[in-house]
Amino acid sequence: MSVTAAMVKELRQRTGSGMMECRRALVEADADMELAIENMRKAGLAKADKKSSRIAAEGRIAVAQSEDTKNAVIIDVNSETDFVAKGDTFKEFANAIAAAILVADITTVEEAYELKLDNGKTIDEARRGLISTLGENITLRRFQKVASEGGTGYYLHGEKIGVLVELAKADAELAKDVAMHIAA
C-alpha cells in the first residue's frame, strides 16, 4: 500500500511529529497507521533515553493551588532551551504536573514521575513523549508543597521566578504582596 499525503497529515496530527518523520514511519510500517504510531513511540522512548544526559538548564515555574487556598505547590520544570520552555505545550505540561502533585501525597521527584495525569499517562511517560516530540531533554527539577490552616498565596514573575507563601490567615491580596516583595 502506498503512503498518501492525507495519511502523513493524519499521523502528524496524532503524534505531533515532523512531516518527514511521519512519512518515514508510515513507509517502514507499510502504511499501517497504528504500527507506525507504535514504532514512533518506541523510537521516541529510545530518543528520550539518549537525551536524558543532556543539560536542561532553562524552564519554567508553575503553581497549583487548592480552591480553599489552604494547599499549594510550586514546581520547576526544565528544558534545554527557553524557546521550548515558552511554548504552550511545555506550559500545559508544567501546569498538569503541578495539578497532579497538588493532590498527591508525595515528597520526592521520583514519586512524582509515577503520578498519573488526567490523560492516563504517568508524568514520566508524558515527559518522554514530550522529549520525543520537542527534541529536547525535559526534567522535573524540584517541587515544594505547602499546607496551611490559614491560607497560601503566590506570585509568578515571568516564567523563571516564583514565590509561594503560607499565611496564618487567608488573605489573597496580602499573600500576593508578600510574595512580590520576596521575588523582588
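What counts as what
Residues numbered from 1 in each chain as written. Predicted model: local features only at pLDDT ≥ 70, side-chain atom pairs only at ≥ 80, totals over all residues. Heavy atoms only, no water. Pairing = 2+ DSSP bridges. Helix = DSSP H or I, 4+ residues; strand = E, 2+ residues; numbered from the N terminus. Axes fitted to C-alpha atoms, helices over the stretch in contact; angles between N-to-C directions. Contact = heavy atoms within 4.5 Å. Phe/Tyr/Trp six-rings, centres within 6.5 Å; stacked < 30°, edge-to-face > 60°. Lys NZ or Arg CZ within 6 Å of the ring centre and 35° of its normal. Parallel < 35°, antiparallel > 145°, perpendicular 65-115°, else oblique. Left-handed = near helix turned anticlockwise from the far one by under 90°. Nonpolar A, V, L, I, M, F, W, Y, C, P; charged D, E, K, R; others polar. Patch = residues over 30% accessible without salt bridge, like charges linked within 9 Å, V, L, I, M, F, W, Y side chains within 5 Å. Areas by Shrake-Rupley, 256 points an atom, 1.4 Å probe, with all protein chains shown as cover. Salt bridge = Lys/Arg side-chain N within 4 Å of Asp/Glu carboxyl O.

Draft legend 1. Fine view of the sheet that holds strand β3 (residues 139–147). Ordered by their spatial adjacency, three strands build an open sheet running β1-β2-β3, and the pairing between neighbours is antiparallel. Both outer strands of the open sheet, β1 (58–65) and β3, are each paired with one neighbouring strand and no more. With strand direction ignored, the average angle separating the axes of adjacent strands in the sheet is 15 degrees. As paired strands, β1 and strand β2 (residues 71–79) are joined by eight bridges and run antiparallel to one another. Its bridge partner being in β2, I61 is matched across the sheet by D76. Along the sheet, helix α5 (residues 88–102) makes contact with β1, β2 and β3, crossing β2 at roughly 145 degrees.

Draft legend 2. Here's a closer look at the packing of aromatic side chains. Enumeration over the complete set of coordinates arrives at zero aromatic pairs. The cationic tip of R127 hangs over the ring face of Y113; the distance from NZ or CZ to the ring centre is 5.1 Å.

Draft legend 3. Highlighting the packing of helix α1 (residues 5–15) against helix α2 (residues 19–28). Between α1 and α2, whose axes approach to 9 Å, the crossing angle comes to 115 degrees. Here α1 is positioned roughly perpendicular relative to α2, judged by the angle of their axes. Crossing of α1 against α2: the hand is right-handed. Residues M7, V8, L11, R12 and T15 of α1 pack against M19, C22, R23, A25 and L26 of α2. A per-class count over the contact of α1 with α2 returns seven nonpolar, one polar and two charged.

Draft legend 4. Quick peek at a nonpolar patch on the surface. Residues L174, V178 and I182 make up a contiguous nonpolar surface patch of roughly 240 Å² in combined accessible area. Along the chain, the position of V178 falls in helix α8 (residues 172–183).

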